[in-house]
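# Structural description and commentary
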Amino acid sequence: MDGAGIFFAAILGLSAIAAALLAHATPQAVRQYQRLACALFAAPAAALLLSDMVPSFGAAASAVLLLAVALAPMTLALAMQAAFAQPPSRATTAILLLCALLAGLGAILSSYALPASAMLVVADLLIAVIALRHARGLARIEALLATIVFALGAFATMTDGLEALLFFAAGLMGIALAL
């Protein structure tokens, strides 16, 4: 991996750590979703950073990234619901995360990022609706800006660009600050 890829992966990993630390200030119902999203975004960053030392990590890093693209934004949408409205039911959580998992697996099996990116856009729409209906002030603006950045990350993922990692880092931090 080149120097830019290492830098992008390090930024995503550090953003995941910072967002996980910010989760400490949120209620328990929000914290569990936020920390899961942080772990999901930290996984491809770690795989990419370790790909130089362990060559098999390089092959797995793209699969891990596709799973994170599908699952992490949906987890952040659930965190937004728990923070600004009422916590989602277990059935709703299970259905949304199962759909995101299936989209991520579909993207991996087809070697095409569209299913994962489509799930990211669905999660973006959920975040935008929750932000517009329930969030106030700066939290609303941060969440809406994060949805734009996540959408840009979805497009960058479809072109196999590692710059998507920067978009995901910025989107994760935007939602973490909004929460």
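Residues numbered from 1 in each chain as written. Predicted model: local features only at pLDDT ≥ 70, side-chain atom pairs only at ≥ 80, totals over all residues. Heavy atoms only, no water.

## Some details on the overall build of the chain
Stated precisely, the cut-off is as follows: Counting from the N terminus, the helices are DSSP H or I runs at least four residues long and the strands are E runs at least two residues long. Restricting the calculation to C-alpha atoms gives the radius of gyration, and the globule rule supplies 2.2 Å times the number of residues raised to the power 0.38. Throughout this description, buried means an accessible area under 20% of the type-specific maximum (1.4 Å probe, protein chains only), exposed means over 50%, and partly exposed covers the range between. Any pair of residues with heavy atoms lying within 4.5 Å of one another is described as a contacting pair. Reported accessibility uses the Shrake-Rupley method at a 1.4 Å probe radius. Residues are deemed covered only where the shown protein chains occlude them. In this charge count, Lys and Arg are treated as positive and Asp and Glu as negative; neither His nor the chain ends contribute. Where a charge lies is defined by one atom per residue type: Lys uses NZ, Arg uses CZ, Asp uses CG and Glu uses CD.
The helix and strand inventory of the chain stands at 7 helices and 0 strands. Helices (α) and strands (β) of the chain occur, in sequence order from the N terminus, as α-α-α-α-α-α-α. The C-alpha radius of gyration computed for the chain amounts to 15 Å, which stays within 12% of the reference 16 Å derived for 179 residues, consistent with globular compactness. Overall, the C-alpha framework of the chain stretches about 45 × 30 × 25 Å when taken along its three principal axes. Looking at the 179 residues of the chain, the share that counts as buried comes to 45%. A fraction of 70% describes how many contacts in the chain between residues 6 or more apart in sequence connect residues 24 or more apart. Entry remark: accessible area of the chain is about 8,300 Å², with carbon and sulfur atoms responsible for 74%. Side chains of the chain carry 6 positive and 6 negative charges; the gap between the two charge centres is 27 Å.

## Points about the side chain of threonine 93
Tracing the backbone through its elements, the reader meets threonine 93 in helix α4 (residues 90-110). The contacts of threonine 93, once residues within four sequence positions are left out, are Tyr33, Leu78 and Pro88.

## Some words on helix α2 (residues 28-50)
Going by this rule: Here a helix's expected span is defined as the number of its residues, less one, multiplied by 1.5 Å.
When the terminal C-alpha atoms of α2 are compared, their 32 Å separation across 23 residues agrees well with the 33 Å that a helix rising 1.5 Å per residue should span. In this structure, the buried side of α2 is in contact with α1 (3-22), α3 (55-84), α4, α6 (137-158) and α7 (164-178).

## Points about the packing of α2 against α3
Worth spelling out the cut-off: In this analysis, axes come from line fits to C-alpha atoms, helices being fitted only over the stretch in contact, and the angle between any two N-to-C directions falls in the range 0 to 180 degrees. Roughly parallel here means an angle under 35 degrees, roughly antiparallel means over 145, roughly perpendicular means 65 to 115, and every remaining angle is called oblique. Two helices crossing with the near one rotated counterclockwise from the far one by less than a right angle form a left-handed crossing, whereas a clockwise rotation gives a right-handed crossing. Amino acid classes used here: Ala, Val, Leu, Ile, Met, Phe, Trp, Tyr, Cys and Pro are nonpolar; Asp, Glu, Lys and Arg are charged; the rest, including Gly, are polar.
Packing of α2 against α3 brings their axes to within 8 Å, and their N-to-C directions diverge by 165 degrees. Our classification of the angle between α2 and α3 gives roughly antiparallel. Regarding α2 and α3, the two cross each other, and that crossing is left-handed. Here the contact of α2 with α3 is built from residues that sort into 25 nonpolar, 2 polar and no charged.

## Comments concerning the packing of aromatic side chains
Spelled out, the test is: Think of it this way: a Phe, Tyr or Trp ring, Trp meaning its six-membered ring, pairs with another when their centres are within 6.5 Å, and the plane angle makes it stacked under 30 degrees, edge-to-face over 60, tilted otherwise.
With the rule as written, the count across this model stands at 4 aromatic pairs. An angle of 15 degrees between the planes, with centres 6.1 Å apart, marks the rings of phenylalanine 41 and phenylalanine 150 as stacked. Of this pair, phenylalanine 41 sits in helix α2 while phenylalanine 150 sits in helix α6; the two residues are 109 residues apart in sequence, bridging distant segments of the chain. The class for phenylalanine 41 is buried, based on a relative accessible area of 1%. Look at phenylalanine 150 and you get buried, because its relative accessible area is 0%. Pairwise contacts between aromatic rings join Phe41, Phe150 and Phe168 into one cluster.

## Looking at the nonpolar core
Generally speaking, nonpolar side chains in soluble globular proteins are found buried as a group. The condition that has to hold: Side-chain atoms within 4.5 Å are what join buried Ala, Val, Leu, Ile, Met, Phe, Trp, Tyr and Cys residues into a set we call a nonpolar core.
Within the largest apolar cluster, 57 residues are counted, with the highest numbers of intra-cluster contacts made by Phe41, Leu76, Met80, Phe168 and Ile175. Counting only elements with at least two residues in this core, the list comes to α1, α2, α3, α4, α5 (114-134), α6 and α7. Top contributing element to this core by residue count: α3, with 15 residues. Ignoring any residue separated from it by four or fewer positions in sequence, one finds phenylalanine 168 in contact with Leu12, Phe41, Leu65, Val69, Leu120, Phe150, Gly153, Ala154 and Thr157.

## Some words on unusual backbone geometry
Backbone geometry places serine 111, a non-glycine residue, at a positive phi of 55 degrees. Mapping serine 111 onto the fold places it in the loop between α4 and α5.

## Some details on a nonpolar patch on the surface
To keep it simple, the criterion reads: Two joining distances apply to patches: 9 Å for like charges and 5 Å for nonpolar side chains (Val, Leu, Ile, Met, Phe, Trp, Tyr), and every residue must have over 30% relative accessible area and no salt bridge. We define a salt bridge as a contact between a side-chain nitrogen of Lys or Arg and a carboxyl oxygen of Asp or Glu at a distance within 4 Å.
Together, Tyr112, Leu114, Leu138, Ile141, Leu145, Ile148, Leu152, Phe155 and Met158 make up an exposed nonpolar region whose accessible area comes to about 900 Å². When residues in the nonpolar patch are grouped by element, the largest group, 7 residues, is from α6. As for its position among the elements, phenylalanine 155 is in helix α6. The exposure class assigned to phenylalanine 155 is exposed, which follows from its relative accessible area of 54%.

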